[in-house]
Amino acid sequence: IIAIFSVLLTGCTASEAVKIPGGESYTVTVLGDVHYDAKEYHTTKAKTPRHEEKRARNINQWQGNSQAILSAAAKASSDTAPFVIQLGDIINGDCQTVELQGIAMKTAFAVVKKYFNGKKLFSVCGNHEYWGPQGSNEIIDEAFVPLLQKELGKKEKLSGTNYAVRYGKDLYIFYDLRRPTGGEEFVRKV
């Protein structure tokens, strides 16, 4: 599931968007479904054998430097945009506790970011960010939103993961699918 509503509009103005100076022509890395995971986030088996198999695959991938991330990082070093876009499912989710879900989000964000040499990481939550114990939806606001706020350089607290970034003449709109009400107004406002 792609949990981002990203629109690229050329030549638009957006008073609500965070502005990053940029040129007319650029490349940017877009990631999705990296499913960061580790054994310490789980103390019980997954709900189904299929989910257990996927969990084991993701954990094994991340224990031995993921070739997919390393490959993307190598490509990113030649990108001309000062940011990377992550399309959701930065974690595998389904952590044992809501606290572990938050730790997984923070760790995944830091791990992914370190591969991209100081570039900003703009992300939105996918279904795996809130796929977990009761309270996982709320931990996004406590753990993940402050990371985005820092990337955006915003002092005021974001309301969910609705935000926009303007790079040169292009506008990227990130839409929080967890909060379907008010989304149209947010997009209109931007």
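Residues numbered from 1 in each chain as written. Predicted model: local features only at pLDDT ≥ 70, side-chain atom pairs only at ≥ 80, totals over all residues. Heavy atoms only, no water.

Focus: the pattern of salt bridges
Operational definition: When a carboxyl oxygen of Asp or Glu lies within 4 Å of a side-chain nitrogen of Lys or Arg, that pair is called a salt bridge. A run of DSSP states H or I qualifies as a helix once it reaches four residues; a run of E qualifies as a strand once it reaches two. Both are numbered from the N-terminal end. The buried label goes to any residue with under 20% of its type's maximum accessible area, the exposed label to any with over 50%, and the partly exposed label to all in between, with areas taken from a 1.4 Å probe on protein chains only.
Under the defined criterion, the tally for this structure stands at five salt bridges. Asp94 is paired through a salt bridge with Arg55; the nearest N and O atoms lie 3.1 Å apart. Placement of the pair is Asp94 in the loop between β4 (83-86) and α3 (98-114) and Arg55 in helix α1 (residues 49-63), with a sequence separation of 39 residues. Just as Asp94 is buried, Arg55 falls in that class too. Salt bridges sharing common partners tie together Lys47, Glu52, Arg55 and Asp94.

Some thoughts on the packing of aromatic side chains
What counts here: For Phe, Tyr and Trp, rings pair up if their centres lie within 6.5 Å, where Trp contributes its six-membered ring, and each pair is then called stacked (planes under 30 degrees apart), edge-to-face (over 60) or tilted (otherwise). Two thresholds decide whether a charge sits over a ring: the Lys NZ or Arg CZ must be within 6 Å of the ring centre and within 35 degrees of the ring normal.
Using the criterion set out here, one finds 10 aromatic pairs in the structure. Seen from their ring centres, Phe83 and Phe122 are 5.5 Å apart, and the 45° between their planes marks the pair as tilted. With a gap of 39 residues between them, Phe83 in strand β4 and Phe122 in strand β5 (residues 120-123) connect regions that are remote in the sequence. The exposure class of Phe122 is buried, given its relative accessible area of 2%. Assessed through its relative accessible area of 1%, Phe83 is described here as buried. Pairwise contacts between aromatic rings join Tyr26, Phe83, Phe122, Tyr163, Tyr167, Tyr172 and Phe174 into one cluster. Across from the ring centre of Tyr115, 5.6 Å away, lies the NZ or CZ of Lys114, which sits over that ring.

With respect to the side chain of Asp170
For the record, the criterion: His is not counted here, nor are the chain ends, while Lys and Arg score as positive and Asp and Glu score as negative. For this analysis, a polar contact is any N or O atom pair within 3.5 Å, provided that within protein one partner can donate a hydrogen and the other can accept it, and provided that sequence-adjacent residues contribute only side-chain to side-chain pairs.
As for its position among the elements, Asp170 is in strand β7 (residues 170-174). Although Asp170 lies buried, it forms no salt bridge, and the closest oppositely charged side chain, Arg166, sits 8.3 Å away as judged by the N-O distance. A polar side-chain atom of Asp170 sits 2.7 Å from a polar atom in the side chain of Tyr26.

Describing unusual backbone geometry
For His35, which is not glycine, the phi dihedral falls at a positive 50°. Looking at the secondary structure, you find His35 in the loop between β3 (29-31) and α1. Positioned with a positive phi, Asp89 is a non-glycine residue whose angle comes to about 60°. Residue classification places Asp89 among the buried residues on the basis of a relative accessible area of 2%.

Quick notes on the sheet that holds β3
Quick note on the threshold: By definition, two strands form a pair when at least two bridges between them are found by DSSP. Angles here are taken between N-to-C directions and fall from 0 to 180 degrees, while the axes themselves are lines fitted to C-alpha atoms, restricted in helices to the stretch in contact. The criterion used for residue contact is that any of the two residues' heavy atoms lie within 4.5 Å.
The strand order β3-β4-β5 describes an open sheet built from three strands, whose pairing is parallel. Of all strands in the sheet, those bounded by a partner on one side alone are β3 and β5. Adjacent strand axes in the sheet meet at a mean angle of 25° when their direction is disregarded. Looking at chain direction, β4 and β5 are connected through four bridges and run parallel. Looking across to β5, one finds that Val84 is bridged to Leu121. Packing against the sheet, α3 makes contact with β3 and β5, and its axis sits at approximately 130° to β5.

Digging into the environment of Ala143
Within the secondary structure, Ala143 sits in helix α5 (residues 136-152). Separated by 38 residues in the primary sequence, Ala143 and Met105 place their C-alpha atoms 6.8 Å from one another. Excluding anything up to four places from it in sequence, Ala143 contacts Gly102 and Lys106.

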